[in-house]
Amino acid sequence: MNKYSITLLGMALDNSINPPAIVKALFPNASPLSVELSQDECIVTFASPQTPANLGPLVKVELIPTTK
């Protein structure tokens, strides 16, 4: 499993819809297995590694290390 943390610097995520639109913008060709959502962070899990689109410096995407 490959988990990614998405945060918006200086803004809150829109958690009125799940998954938020930013997930599709960052990963347009992938379908997440799961999405955990709060106003501060969105954690998205995929079956395979993904390369997020570059949406600029206010959108931070980090790979969350997993243990085997």
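Keep in mind it's a predicted model, so treat the numbers as computed, not measured.

Engineer: How do you make sense of the overall build of the protein chain when you look at a structure like this?
Structural biologist: On a plain count of helices and strands, the protein chain comes out with 1 helix and 4 strands. When the helices and strands of the protein chain are read in sequence order from the N terminus, they spell out β-α-β-β-β. Over its C-alpha atoms the protein chain spans a radius of gyration of 11 Å, differing by no more than 12% from the 11 Å that the globule rule assigns to 68 residues. Summarising its shape, the C-alpha atoms of the protein chain cover approximately 35 × 25 × 25 Å along the three principal directions. In the protein chain, which comprises 68 residues, the share counted as buried stands at 28%. Within the protein chain, contacts between residues at least 6 apart in sequence are counted, and of these 62% link residues at least 24 apart. Per element, the accessible surface of the protein chain, about 4,500 Å² overall, is 54% carbon and sulfur. When the 4 basic and 5 acidic side-chain charges of the protein chain are each reduced to a single mean position, those positions are 11 Å apart.

Engineer: Sorry, what's going on with the environment of Val-59 here?
Structural biologist: Mapped onto the elements of the fold, Val-59 is located in strand β4 (residues 59-64). The class of Val-59 is buried, set by a relative accessible area of 18%. Considering only alpha carbons, one finds Val-59 and Ser-48, 11 residues apart in sequence, at a separation of 21 Å.

Engineer: Quick question: what am I supposed to make of the pairing of strand β1 (residues 2-8) here?
Structural biologist: Both faces of the sheet carry side chains from a regular strand, because those side chains alternate between them. With 6 of 7 residues buried, β1 is to be regarded as a mostly interior element. Note: β1 against strand β3 (residues 42-46), 5 bridges, orientation antiparallel. The residue of β3 that forms the bridge with Ser-5 is Ile-43. Alignment of β1 against β4, held across 6 bridges, turns out to be antiparallel. Opposite Tyr-4, over in β4, you have Leu-63 as the bridge partner.

Engineer: How do you make sense of the confidence of the model for the protein chain when you look at a structure like this?
Structural biologist: Keep in mind that low pLDDT regions are not for reading the predicted coordinates in detail. The predicted model of the protein chain averages 91 in pLDDT, with 99% of residues at 70 or higher. Predicted confidence in the protein chain is weakest over helix α1 (residues 21-26), with a mean pLDDT of 92, and strongest over β4, with 96.

Engineer: How should I be thinking about the side chain of Thr-7 in this particular structure?
Structural biologist: Along the chain, Thr-7 falls in strand β1. With sequence-adjacent residues up to four places away left out, Thr-7 is seen in contact with Asp-40, Glu-41, Leu-58, Val-59 and Lys-60.

Engineer: Looking at this model, I keep getting lost on the packing of aromatic side chains. Mind explaining?
Structural biologist: Ring pairs (aromatic) are described by centroid distance and by the angle formed between their planes. Tallied over the entire structure, the rule returns 3 aromatic pairs. Taking 5.5 Å as the distance between ring centres and 50° as the angle between the ring planes, the aromatic pair formed by Tyr-4 and Phe-27 counts as tilted. With Tyr-4 in strand β1 and Phe-27 in the loop between α1 and β2 (34-37), this pair connects stretches of sequence that are 23 residues apart. Grouping residues by exposure puts Tyr-4 and Phe-27 together as buried. Geometrically, the ring pair formed by Phe-27 and Phe-46 is tilted, given 4.8 Å between the ring centres and 55° between the ring planes.

Procedures and definitions
Residues numbered from 1 in each chain as written. Predicted model: local features only at pLDDT ≥ 70, side-chain atom pairs only at ≥ 80, totals over all residues. Heavy atoms only, no water. Helix = DSSP H or I, 4+ residues; strand = E, 2+ residues; numbered from the N terminus. Rg over C-alpha atoms; globule rule 2.2 N^0.38 Å. Buried < 20%, exposed > 50% of the residue type's maximum accessible area, 1.4 Å probe, protein only. Contact = heavy atoms within 4.5 Å. Areas by Shrake-Rupley, 256 points an atom, 1.4 Å probe, with all protein chains shown as cover. Lys, Arg positive; Asp, Glu negative; His and termini not counted. Charge placed at Lys NZ, Arg CZ, Asp CG, Glu CD. Pairing = 2+ DSSP bridges. pLDDT = per-residue confidence, 0-100. Phe/Tyr/Trp six-rings, centres within 6.5 Å; stacked < 30°, edge-to-face > 60°.

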